[in-house]
Amino acid sequence: HNNENPLGPGRKVLTAMDAALSDGNGGRYPGSGGLPEALAEAGGIPQDYLMIGNGSTQLLRTCTQVFTSPTKQLVTGAPSYEECTQYANNIGHPVEEVPLDDDMMLDLNAMADASQGAGMVFLNNPNNPTGTLWGADAVGSFIERVRSESPETMIVVDEAYHDYVTDPGHATQIPRALADTHLIVARTFSKAHGMAGLRIGWVVAHPEAISTMRQWHMG
């Protein structure tokens, strides 16, 4: 389920890495290195809606840290990507794992039921490790229901496998995250881009959510 890309980074990536390291900066902590600017330009996303992390792992842990609490549970599917669940368990925050349905799909209705009063709901779409996918309409309806019934709950949609999807009914939730203060979309360079060892992840969220995350993330 870790799904490292056996091909690794492409030739253009390796060439860019060689150029970046040839000036001796490989021995220094990197900072962002212009990545936020490049992502913003490529995706048409304002920079203050972006945050870079040490892989999406760091960002998912930050979300779990700041949006759940001993009285505000994490809601997730089971099985699904386990990072948020493991971290919540480590810090003593309650977790409600909602079983998949008979078709190995995340049970969106049951997850929405469980999300009422939750601190955060984690939706991995496509889901890891099952590989099942909910289309954009279903995900949008799920988000709207959670936002209506539990408006303070943060929704995190992990799109780590977005680049592999061929289903025409799928679409990223990034445009919705630009307008919704309680929606975060996580992405990673570890899968389709083959850069798991470089540890590069990013999220798109409203500046209000980014600010809340950054207080812990940069602490």
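Up top is the structure.
Parameters at a glance
Residues numbered from 1 in each chain as written. Predicted model: local features only at pLDDT ≥ 70, side-chain atom pairs only at ≥ 80, totals over all residues. Heavy atoms only, no water. Helix = DSSP H or I, 4+ residues; strand = E, 2+ residues; numbered from the N terminus. Rg over C-alpha atoms; globule rule 2.2 N^0.38 Å. Buried < 20%, exposed > 50% of the residue type's maximum accessible area, 1.4 Å probe, protein only. Contact = heavy atoms within 4.5 Å. Areas by Shrake-Rupley, 256 points an atom, 1.4 Å probe, with all protein chains shown as cover. Salt bridge = Lys/Arg side-chain N within 4 Å of Asp/Glu carboxyl O. Core = buried A, V, L, I, M, F, W, Y, C linked by side-chain atoms within 4.5 Å. Pairing = 2+ DSSP bridges. Right-handed = clockwise from strand over helix to strand, strands pointing away. Lys, Arg positive; Asp, Glu negative; His and termini not counted. Axes fitted to C-alpha atoms, helices over the stretch in contact; angles between N-to-C directions. Parallel < 35°, antiparallel > 145°, perpendicular 65-115°, else oblique. Left-handed = near helix turned anticlockwise from the far one by under 90°.

**Here we look at the overall build of the chain**
On a plain count of helices and strands, the chain comes out with 8 helices and 7 strands. Taking 2.2 N^0.38 as the reference for a compact globule, 219 residues should give roughly 17 Å; the C-alpha atoms of the chain span a radius of gyration of 17 Å, in line with that estimate. Overall size of the chain, expressed as C-alpha extent along the three principal axes, is 55 × 35 × 35 Å. Looking at the 219 residues of the chain, the share that counts as buried comes to 46%. Counted over contacts in the chain with a minimum sequence separation of 6, partners at least 24 positions apart contribute 70%. Entry remark: accessible area of the chain is about 10900 Å², with carbon and sulfur atoms responsible for 51%.

**A few points about the pattern of salt bridges**
Under the counting rule described, the total for this entry stands at 6 salt bridges. E149 serves as the salt-bridge partner of R145, at 3.1 Å between the closest nitrogen and oxygen. Of the two residues, R145 and E149 are both situated in helix α6 (residues 136-149); the distance of 4 residues between them amounts to about one turn of the helix. Given a relative accessible area of 38%, E149 falls into the partly exposed group. Between E159 and R187 there is a salt bridge, and its shortest N-O distance comes to 2.9 Å. With a gap of 28 residues between them, E159 in the loop between β5 (154-158) and α7 (174-179) and R187 in strand β6 (residues 183-188) connect regions that are remote in the sequence. Judged by its relative accessible area of 1%, E159 falls in the buried class. Sharing partners across several salt bridges, the network here consists of D113, R145 and E149.

**Let's talk about the nonpolar core**
Judged by nonpolar contacts, the single largest core of 32 residues is most densely connected at L123, F142 and W202. Of all elements in the fold, only α2 (35-43), α5 (108-114), β4 (120-124), α6, β5, α7, β6 and β7 (200-205) reach the threshold of two or more residues within this core. Sequence-distant contacts of L123, defined by excluding residues within four places in its chain, comprise L106, L108, M111, V139, F142, V156, V157 and D158. Core analysis: the second largest hydrophobic core is formed by 20 residues, M51, L59, L60 and C84 among them.

**Considering the pairing of strand β2 (residues 74-78)**
Where burial is concerned, most of β2 is hidden: 4 out of the 5 residues are buried. Where β2 meets strand β3 (residues 95-99), 5 bridges bridge the pair, whose relative direction is parallel. The residue of β3 that forms the bridge with T76 is E97. Chirality of the crossover, the property in question, places the unit of β2, helix α4 (residues 83-91) and β3 among those that are right-handed. Sheet topology places β2 next to β4; 3 bridges connect them, and they run parallel. By the bridge assignment for β4, L74 is matched with M120.

**Here we look at the side chain of D158**
Mapped onto the secondary structure, D158 falls in strand β5. Buried within the structure, D158 lacks any salt-bridge partner; its nearest side chain of opposite charge belongs to R187, at an N-O separation of 7.5 Å. In this structure, D158 is in contact with L60, Y81, F122, L123, N124, N125 and A186, ignoring residues within four places of it in sequence.

**A short note on unusual backbone geometry**
Here the amide bond leading from A78 into P79 is cis, since omega sits at 0 degrees, within 30 degrees of zero. Between N128 and the following residue, P129, the backbone shows a cis peptide bond with an omega angle of 25 degrees. The topology assignment puts P129 in the loop between β4 and α6. The backbone of M104 sits at a positive phi, close to 65 degrees, despite the residue not being glycine. Within the secondary structure, M104 is located in the loop between β3 and α5.

**Re the packing of helix α3 (residues 55-67) against α4**
The interhelical angle for the contact between α3 and α4, taken along N-to-C directions, is 50 degrees, at an axis separation of 9 Å. Put simply, α3 runs oblique to α4. Relative to α4, α3 is oriented so that their crossing is right-handed. Contacts between α3 and α4 pair T57, L60, R61, T64 and Q65 from the former with E83, C84, Y87, A88 and I91 from the latter.

These figures come from the coordinates and say nothing about function on their own.
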